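Structure assessment
Next come the chains, spelled out residue by residue.
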Amino acid sequence: MNFIKASTIAGYAFLSVFLILPLSLIFLQVATSIREVYNLISDPFYFNLSPEAFRNAFFIREIEPPVVVIRGPDLGVVLNSLWIATWVAVIDTTLGFILAYVLAKYVFRGRTALGLLATIPLIVMPFATAYVIRKILDPQWGTLNWVLHEVLGLPFRVEISGLAAVALVQSLMYLPIAYLNIYAALTRVDPTLEEVANNLGADEGRAARDILIPLATPGVAAAFVLVFIFAIDDVAAPIIFQDDPAARKLLAYQVYSKFLDQVRGQISPAAAFLALILLTISIAAFLSVRRYVGLRQYAMLIRQLRPKSYKPSPLGKVLIYLLAFPLVVAASTPLVGAISLVFAERWTITPLPESITLENFLRHVGWIVESEVFRRGIFNTIYYGISATAIMVIVGFLIAIAAARSRGVHIEALDALATAPIAIPGLVVAYAYFLTSLQISAAFKGTVLGDVLNPLQHPELYLIVGYAVRKLPFVVRSMYAGLLQIHKSMEEVALNLGDNYRGVSRKILIPLLTTNILSGALIGFVYITSEVSLSITLGALKGVGVDTAMPITAFMKERFESGVYGVQEAATLGLVLVAIQISAIMLTTRVLKTRYGFVL
Amino acid sequence: MTIVKVEKLRKVYDGGVVALDDVDLTINDGEILAGLGPSGCGKTTLLRLIAGLEDATAGRIYFDDRDVTKLPTQQRNTAVVPQTWALWPHMSVYDNVAYGLRLRKISREEERRRVKEILELVGLEGFEKRRPYQLSGGQQQRVALARALVVQPEVLLLDEPLANLDAKLRVELREEIKKIAKKLSITTIYVTHDQEEAMAVADRIAVMNLGKIMQVGTPEEVYYKPANLFVATFIGRTNLLRGKVVEKRGEVAVVDVGFLIEAEASDGVKPGDYVNVVVKLEDIYVGGGRLKCVVEDVTFLGRTYQTTLKCGGNKLKAEGLKPHAAGGEETYVEITRAIAYK
């Protein structure tokens, strides 16, 4: 058997055992409890299209001063998830398009600064962003009402809560993802195509309408769907706003909450059914643009052309200075707020964090460093990150080489399977792993293996494999792109001289792929360290003790939920997380002597 | 019917790269002018400035007496055919060709008539509904040409339009392009780095290097009367010898390059000067003459033979229809024409 065939089989084997098998157990659980599932669907908690659903969506609370309340319609868990994800995708695609267009097409003062600002929200501090927005939106003490009512003297207050607040948080969180993907789509269009249209008489607007936008549409559609999937899978924002019952009526939150019930021993098919709906929606969305987010498409991202640029028209200037700049500032605010929490004494009943000092910062860092449990959390994050990255690199290489060096339906299927985890919600993976691990450990009950495989005793194993599966597409993409750059003749010459493919891989391909392997590993590591879904579910199975399996993100959730001082600890842990990510980026940059940007 | 005139045209890119350096040039009405030069010589920049796709740093561009320097590309009524052809992949052949007409808001009937006419002219009738990727390279090139010609531009600007095609097709298409441009009497600028293509297509050639125009003339002029050393070595296949002028007899300089050679003296060449002597391969006759050389190698090139010679310490290459000597043999050669440049 040749090396490519062996790689293909290895890729299939890994994905079958660690992706298809666990997911199929969810199907099985739903199929065996179909009657209970039917009862569930008919509950208005899950589907509600009665007029009642819109009653509290928007109203004015007649008190002094009056409060404009925006909560969004409550259509039941399933439809809520759909409308919020759609709303976030529409808003982010629209704003992301404007931002990307401005940066790709216009030459103006401050362009570099705008580009830099626009990518700041890519620095991920899970839960912290949502928490800061909650503080800003707080109807009584929040920054927004302080500005509107106290500073500007407007005769009303605003309350954005429940589902509307979740939608707002997610819109700010995922804007950079939309912007970066649309920017890539716009800059991929050969500028000559527009120039010819200009030369034949089309002005900027006409050339954009006739040439640029139709050609960039697949990329824009992909951005829309990616944001949709990220939003529907997000559990951080609903958790931060969970005090409001409406914010809990989302698929991701419900799967999470049912997962916890299951851990406590309350077995119900609802978790599996909701996970299945979440999975189905995400996969359906993903399939609609799969052509544009597959490995083969990604390879085209390498060739970024210098886009055709214009001097901004008066309308362009309005877009730049009155929309794009304020937009990126707004999108960066939560992160700035989150960092300021680390330096603040507290942020409770004031519109802004109180007493921002270096002393506070040092005190908060001291808390983290002195705590054995937090140190364990930091160790876990690094340990999981490195272990899962090692798995991703090995499996990713095998899949990438199979996809790049052979053709056929089975390769197309492997490509699809390796890219699919982008669309598989982390909570679904967590739930599927939990189900599978319980079954497997039960099968070996009473033996040492049974204990080792018990997720309640040793969730680390499942966490590491789960992370590797979830973030695998990013590593495979990086390596696949690199392999396309290496001409096949280089391998053929070595084979012709008598080497076998294993030797060729070791002596020719891997040395030439170093940059792609390291950059893929870096992207994978960074995404793993900030992963939320698996971390707060499987990661929390062992609880909070000195031998805890919780990584930093799980601790952040736990601390944000715990109260006043917990917030400072959570924010400081977030900063440690960012420091780990930046260290990894700097280390890789140093090794590769090159700069890195992150694009999906 | 347009005369294109550029005066002191200059283009400096960000970072201070001078792409065009005070270029003066006139392209006559209905003339095909080839911009010829090596990569980076500024020929594409010149074309883009005339098209209005780039802004000039300094200088003026006139179409007849109209100053179009500040006019946006949309208003210049030029038509560009880029090297990549830039066919819009999401449009059919018909839509690609009709695009410029639609911008000019002509009637649907007129649009159909003109698209049909131009597709017939380029030999693509019946291909209207195809997408660009369903066409061969040559057909795509014709669509790009049709799209440019259908708007009846004042100036047609072709940027290495045949660069992506194989050699045989290039020869066919360059003849066709010339025929069509002449038939429609469009003032045409044809940028290429292929001298044979430039010679075959152009009424006149502007040879460019380092952002400057080195010489403008008919193909025969630039070939037989190169204005400077660059043109002499760039056009045709040449030997370059270095030597000292020992005597000057009128317009002829006698140069010692290891042996004595009589060369046409370019401006300023005087006795005692060290000069470069350019000898075209076809100007060395092997098999008779006064200069004794040793044949190092003879190579059959298909139509001609190339002979590598060692003559008085110099290595020379000659091209002729027959091989007059074999490798290792001694032979006599005659240098029929040489030019000396300072």
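Only a predicted model underlies this, so the values are computations on that prediction, with no experimental measurement involved.

Definitions and limits used
Residues numbered from 1 in each chain as written. Chains lettered and ligands numbered in written order. Predicted model: local features only at pLDDT ≥ 70, side-chain atom pairs only at ≥ 80, totals over all residues. Heavy atoms only, no water. Disulfide = S-S within 2.5 Å. Helix = DSSP H or I, 4+ residues; strand = E, 2+ residues; numbered from the N terminus. Buried < 20%, exposed > 50% of the residue type's maximum accessible area, 1.4 Å probe, protein only. Pairing = 2+ DSSP bridges. Axes fitted to C-alpha atoms, helices over the stretch in contact; angles between N-to-C directions. Domains from an automatic or database assignment. Buried area = accessible area lost by both parts, 1.4 Å probe. Salt bridge = Lys/Arg side-chain N within 4 Å of Asp/Glu carboxyl O. pLDDT = per-residue confidence, 0-100. Contact = heavy atoms within 4.5 Å. Expected span 1.5 Å × (residues − 1). Bend = angle between axes of the 7 residues up to and from the residue. Parallel < 35°, antiparallel > 145°, perpendicular 65-115°, else oblique. Left-handed = near helix turned anticlockwise from the far one by under 90°. Nonpolar A, V, L, I, M, F, W, Y, C, P; charged D, E, K, R; others polar. Polar contact = N/O pair within 3.5 Å; in protein donor to acceptor, adjacent residues only side chain to side chain. Core = buried A, V, L, I, M, F, W, Y, C linked by side-chain atoms within 4.5 Å.

**So, the state of the cysteines**
Residue and element names in this part refer to chain B. Enumeration according to the criterion identifies one disulfide over all chains in this entry. Covalent S-S linkage joins Cys293 and Cys311, the inter-sulfur distance amounting to 2.1 Å. The S-S bond linking Cys293 to Cys311 shows a torsion near 115°; that makes this disulfide right-handed. One end of the pair, Cys293, is in strand β15 (residues 284–300); the other, Cys311, is in strand β16 (residues 305–311), and 18 residues separate them in sequence. Accessibility expressed as a relative area gives 1% for Cys293, which makes it buried. Taking the relative accessible area as the measure of exposure, Cys311 reaches 0% and is therefore buried.

**Re the sheet that holds β16 of chain B**
Residues and elements named next belong to chain B. Taken in spatial order, the four strands of this open sheet run β17-β16-β15-β18, and their pairing is antiparallel. With one partner strand each, in any of the chains shown, β17 (314–320) and β18 (330–335) form the two edges of the open sheet. Direction aside, the axes of adjacent strands within the sheet are offset by 50° on average. With seven bridges joining them, β16 and β17 adopt antiparallel strand pairing. Within β17, the residue paired with Lys310 across the bridge is Lys315.

**Some remarks on the domain arrangement of chain A**
Residue and element names in this part refer to chain A. In terms of domain boundaries, chain A breaks down into domain 1 (2–32 + 366–592) and domain 2 (52–349). For domain 1 versus domain 2, the distance between C-alpha centres works out to 26 Å. Surface buried jointly by domain 1 and domain 2 totals about 4,600 Å² across both partners, of which 75% is contributed by carbon and sulfur atoms. At the boundary of domain 1 with domain 2, the tally comes to one salt bridge.

**So, the confidence of the model for chain A**
All names here are of chain A. Chain-level pLDDT for chain A is 88 on average; 95% of the residues reach the 70-or-more range. Contacts of residues 297–305 to residues separated by more than four positions or lying in other chains number 24 contacts, the stretch itself having pLDDT below 50. Ignoring residues within four places in sequence, the model shows residues 595–600, a span with pLDDT below 50, making 23 contacts including any to other chains.

**Looking at helix α9 (residues 204–233) of chain A**
With 30 residues, α9 of chain A extends only 38 Å from end C-alpha to end C-alpha; this falls clearly short of the ideal 44 Å at 1.5 Å per step. A maximum bend of about 50° is found in α9 of chain A at Thr217 of chain A, where proline Pro218 of chain A lies one to four positions downstream.

**Quick notes on the packing of helix α18 (residues 372–405) of chain A against helix α25 (residues 514–529) of chain A**
Residue and element names in this part refer to chain A. The contact between α18 and α25 brings their axes to 9 Å, and the two run at 140°. Classed by the angle they form, the pair α18 and α25 counts as oblique. Of the two elements, α18 crosses α25, and the hand of that crossing is right-handed. Counting all contacts with α18, which are made through Thr381, Ile382, Tyr384, Gly385, Ile386, Ala388, Thr389, Met392 and Val393, the residues of α25 involved are Ile517, Ala521, Gly524, Phe525, Ile528 and Thr529. Tallied by class, residues from the contact of α18 with α25 come to 10 nonpolar, five polar and no charged.

**Considerations on the interface of chain A and chain B**
Contacts between chain A and chain B engage 20 residues on the former and 23 residues on the latter. At the surface where chain A touches chain B, the tally comes to two salt bridges. Between Glu195 of chain A and Arg48 of chain B there is a salt bridge, with the nearest N and O atoms lying 2.5 Å from each other. Taken together, chain A and chain B are joined by nine residue pairs in polar contact (both at pLDDT 80 or more). Secondary-structure elements contributing two or more residues to the side of chain A that touches chain B are α8 (191–199) and α9 of chain A.

**With respect to the sheet that holds strand β9 (residues 204–209) of chain B**
Residues and elements named next belong to chain B. Spatially, the six strands line up as an open sheet ordered β6-β7-β8-β3-β9-β10, and their pairing is mixed. This sheet does not close on itself; its edge strands, each paired only once, are β6 (78–81) and β10 (212–217). Neighbour to neighbour, the strand axes of the sheet diverge by 20° on average, direction disregarded. Two strands pair when backbone bridges link them, and strand β3 (residues 32–36) and β9 are joined in this way by four bridges, in the parallel orientation. If you follow Leu36 over to β9, its bridge partner there is Val207. Across the face of the sheet, helix α4 (residues 137–149) comes into contact with β6 and β7 (155–159) while running at roughly 170° to β6.

**Looking at the nonpolar core**
Residue and element names in this part refer to chain A. Core analysis: the biggest nonpolar cluster contains 234 residues, and Ile26 and Leu538 have the highest contact counts within it. Of the residues forming this core, the biggest block, 16 residues, is contributed by helix α7 (residues 162–188). Residues lining this core come from more than one domain, with at least three contributed by each of domain 1 (2–32 + 366–592) and domain 2 (52–349).

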